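Coordinates in review
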Amino acid sequence: MPEKTIPASAPSPKKRVLIVDDHPVFRAGLTGLVNLEDDLIVCGEAHDAAQAMHLLEELRPDVMLMDMSLPGKNGLDVLKDIGTLSPQTLVLIISMHDETLFAERVIRAGGRGYIMKVEGPDKIILAIRKVLSGGISVSDRVASQILHALSGSTRSQSPVSTLTDREFAVYQLLGHGKDPHEIARVLHLSIKTVDTHRNRIGKKLGLRNATELIHHATRWFAAQT
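Presented here is a report on the structure given in the accompanying data block.

Rules used in this analysis
Residues numbered from 1 in each chain as written. Predicted model: local features only at pLDDT ≥ 70, side-chain atom pairs only at ≥ 80, totals over all residues. Heavy atoms only, no water. Helix = DSSP H or I, 4+ residues; strand = E, 2+ residues; numbered from the N terminus. Buried < 20%, exposed > 50% of the residue type's maximum accessible area, 1.4 Å probe, protein only. Axes fitted to C-alpha atoms, helices over the stretch in contact; angles between N-to-C directions. Parallel < 35°, antiparallel > 145°, perpendicular 65-115°, else oblique. Left-handed = near helix turned anticlockwise from the far one by under 90°. Contact = heavy atoms within 4.5 Å. Nonpolar A, V, L, I, M, F, W, Y, C, P; charged D, E, K, R; others polar. Polar contact = N/O pair within 3.5 Å; in protein donor to acceptor, adjacent residues only side chain to side chain. Pairing = 2+ DSSP bridges. Right-handed = clockwise from strand over helix to strand, strands pointing away. Salt bridge = Lys/Arg side-chain N within 4 Å of Asp/Glu carboxyl O.

1. Some details on unusual backbone geometry
Notably, Arg60 is not glycine yet its phi reads approximately 50 degrees, a positive angle. Here Arg60 shows up in the loop between helix H2 (49-59) and strand E3 (63-66). Overall, the relative accessible area of 32% leaves Arg60 in the partly exposed class.

2. A closer look at the packing of H2 against helix H3 (residues 75-85)
Between H2 and H3, whose axes approach to 11 Å, the crossing angle comes to 20 degrees. Considered as vectors, H2 and H3 are oriented roughly parallel to each other. By crossing handedness, the relation of H2 to H3 is classed as right-handed. The segment H2 lies against H3, with Ala49, Met53, Leu56 and Glu57 engaging Val78, Asp81, Ile82 and Leu85. Among the residues forming the contact of H2 with H3, the class breakdown is 6 nonpolar, no polar and 2 charged.

3. Some remarks on the side chain of Asp21
For Asp21, the position within the fold is in the loop between strand E1 (15-20) and helix H1 (24-35). A polar atom in the side chain of Asp21 sits 2.8 Å from the backbone nitrogen of His23. When sequence neighbours within four positions are dropped, the list of residues in contact with Asp21 reads Phe26, Arg27, Ala46, His47, Asp67, Leu70 and Lys117.

4. A look at the pairing of E1
Taken across its 6 residues, E1 has 5 buried, putting it largely inside the fold. Where E1 lies against strand E2 (residues 40-46), 6 bridges are found, and the strand directions are parallel. When the sheet's bridge partners are listed, Val17 is paired in E2 with Val42. Regarding the hand of the β-α-β motif, the stretch spanning E1, H1 and E2 is right-handed. Bridge analysis of E1 against E3 gives 4 bridges, and the strand direction is parallel. Residue Val17 lies in a different strand from E3, and its bridge partner there is Val63.

5. Points about the sheet that holds strand E6 (residues 90-95)
Taken together, 5 strands build an open sheet; the order of strands is E2-E1-E3-E6-E7 and the sheet is parallel. Lying at the two open borders of the sheet, with one neighbouring strand each, are E2 and strand E7 (113-116). Across this sheet, the average inter-strand angle for adjacent strands is 25 degrees, counted without regard to direction. Relative to E6, E3 is paired through 4 bridges, and the arrangement is parallel. Looking at E6, one finds that Met64 is bridged to Val91. Sheet contacts for H1: E1, E2, E3 and E6; angle to E2, the most-contacted strand, approximately 165 degrees. The sheet strands contacting helix H5 (residues 121-132) are E1, E2, E3, E6 and E7, and the helix crosses E6 at an angle near 160 degrees.

6. Describing the pattern of salt bridges
One pass over the full model with this rule turns up 14 salt bridges. Across the pair Lys117 and Asp21 runs a salt bridge whose closest N-O atoms are separated by 2.8 Å. Within this pair, whereas Lys117 is found in the loop between E7 and H5, its partner Asp21 is found in the loop between E1 and H1, the two being separated by 96 residues in sequence. Summarising the burial analysis for this pair, Lys117 and Asp21 share the class buried.

Written out as structure tokens, the structure reads:
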């Protein structure tokens, strides 16, 4: 449990922020940044998905700042759980991963924004305020990408974008060198289900076998970084 939390019953005119990230130094820096604002206060910190869900129910924050990569659970799955447990809590993803890979999926899963960790403090605070004011906070590039998707445009659309969220999670882990057994453990799936996803991914991407799929995933993610 975090060393300090602010109970949901504590009166405060400030918007309450829950920070979820497995890197304590980054959490500390983000906490300090948020607490400098007159109208924001960090009510708690969590280092993994399980702790985040516990604190979400206990603290009922106005907004959650969450990394995409958490121990124990895929970030997109956590987003969907949040929507069920605390639908009033707004979620802003703060991640090291390229926004063009994940931002659209985050919005579809119920997130209210996506910002990369390399952005400066001012942009992070602006993103928090935009989400709290009822807006969607993404870059102009991602906003254009989402509009193209909504309009049904297929121009320059990567075949990878046709993968479901679960297929994309499997594809991502393949690209990072995980074998089927590791993928099954990380995503809490059976080996048979992982194999089914791999087969579907291969068909969607026009790949002939598992070796081609691994090479494709490895090259694709390397090109995005």
